[in-house]
Amino acid sequence: MMTDLETSMATIIAVFQKYSERDGDKHKLKKSELKDLLHDELPDLMEHVKDQAALDSLMESLDADGDAECDFQEFMTFVSVVTVCCHDFFEHEDE
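Residues numbered from 1 in each chain as written. Predicted model: local features only at pLDDT ≥ 70, side-chain atom pairs only at ≥ 80, totals over all residues. Heavy atoms only, no water.

Trainee: Quick one: what's the story with the overall build of the chain, residue by residue and with numbers?
Mentor: Counting its regular elements, the chain contains 5 helices and 2 strands. Shown N-terminal to C-terminal, the secondary structure of the chain runs as helices and strands in the order α-β-α-α-α-β-α. The buried share of the chain, reckoned over its 95 residues, is 22%. Expressed as a percentage of contacts within the chain between residues at least 6 apart in sequence, the contacts between residues at least 24 apart total 45%. Charge-centre separation for the chain: the mean point of 8 positive side chains lies 10 Å from the mean point of 25 negative side chains. (Helix = DSSP H or I, 4+ residues; strand = E, 2+ residues; numbered from the N terminus. Buried < 20%, exposed > 50% of the residue type's maximum accessible area, 1.4 Å probe, protein only. Contact = heavy atoms within 4.5 Å. Lys, Arg positive; Asp, Glu negative; His and termini not counted. Charge placed at Lys NZ, Arg CZ, Asp CG, Glu CD.)

Spatial relationships are all this shows, so hold off on functional conclusions.
In structure tokens:
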């Protein structure tokens, strides 16, 4: 039986693969795949991103190697940043 953390890690990998395997390189997310992933898997977050330019800027900032795609390491950087922001938000909410 997997622990909660192991299950969470497996889920993150499965979500990435679910979108990355749709088209082209199955180890990278194309811009359209990343956009679908963000809208489908993080709807509450995306509700606050009304500006298409802000979304484009986010996608460009994720693309550390400049190949116009998002590999798993770049995706994990994004997941980490969003998770830290959520943690900070809830930590300060208790004060």
